[in-house]
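Observations on the model geometry
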Amino acid sequence: MRTNAGLIFVMSNDFYLRYYVGHKGKFGHEFLEFEFRPDGKLRYANNSNYKNDTMIRKEAYVHKAVMEELRRIIQDSEVSLILS
């Protein structure tokens, strides 16, 4: 079974992006997920059970310019119109 989901919120000047793609298969529930929060915090998770691998989780802060460019890319792509 394959599942895909993405989520974008744009509220006034706040920008929030969460992306998730995953599936349940031979190696269990495997997924990739990342999230950008309005304060610039980036959270990343990658879960794969291939060869008994463990979940990878990372967090970092990105510069305001990165958030502005990400927002511009999303707006130019008009993907938020599709999700509305």
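Look above for the structure.
So, a few notes on the structure that sits alongside this text. All of these numbers come straight from a predicted model, not from anything done at the bench.

Some points on helix α1 (residues 64-77)
Side chains of residues three or four places apart in an α-helix project in the same direction, reflecting 3.6 residues per turn. For α1, which comprises 14 residues, the first-to-last C-alpha distance of 20 Å matches the rise-based estimate of 20 Å (1.5 Å per residue) to within 8%. Listed in full, the buried residues belonging to α1 are Met67, Leu70, Arg71 and Ile74. The buried residues of α1 all sit within an arc of 100° when viewed along its axis, so they share a single face.

Topic: the environment of asparagine 52
Structurally, the position occupied by asparagine 52 is in the loop between β4 (41-47) and β5 (56-61). Expressed as a C-alpha distance, the spacing of asparagine 52 and phenylalanine 27, which sit 25 residues apart in the sequence, is 8.7 Å.

Focus: the pattern of salt bridges
For the structure on display, the rule yields eight salt bridges. Glutamate 59 is the salt-bridge partner of lysine 41, the closest N and O atoms lying 3.1 Å from each other. Of this pair, lysine 41 sits in strand β4 while glutamate 59 sits in strand β5, and the two are 18 residues apart along the sequence. Judged by relative accessible area, which is 16%, lysine 41 ranks as buried.

Details of the side chain of asparagine 47
Within the element layout of this structure, asparagine 47 appears in strand β4. On the accessibility criterion, asparagine 47 (12% relative accessible area) is buried. A distance of 2.9 Å separates a polar side-chain atom of asparagine 47 from the backbone oxygen of histidine 29. In contact with asparagine 47, not counting residues within four places along its chain, are His29, Glu30, Phe31 and Met55.

Cut-offs applied
- Residues numbered from 1 in each chain as written.
- Predicted model: local features only at pLDDT ≥ 70, side-chain atom pairs only at ≥ 80, totals over all residues.
- Heavy atoms only, no water.
- Helix = DSSP H or I, 4+ residues; strand = E, 2+ residues; numbered from the N terminus.
- Expected span 1.5 Å × (residues − 1).
- Buried < 20%, exposed > 50% of the residue type's maximum accessible area, 1.4 Å probe, protein only.
- Arc of directions from axis to C-beta.
- Salt bridge = Lys/Arg side-chain N within 4 Å of Asp/Glu carboxyl O.
- Polar contact = N/O pair within 3.5 Å; in protein donor to acceptor, adjacent residues only side chain to side chain.
- Contact = heavy atoms within 4.5 Å.

Bear in mind that shape data such as this cannot, by itself, settle questions of function.
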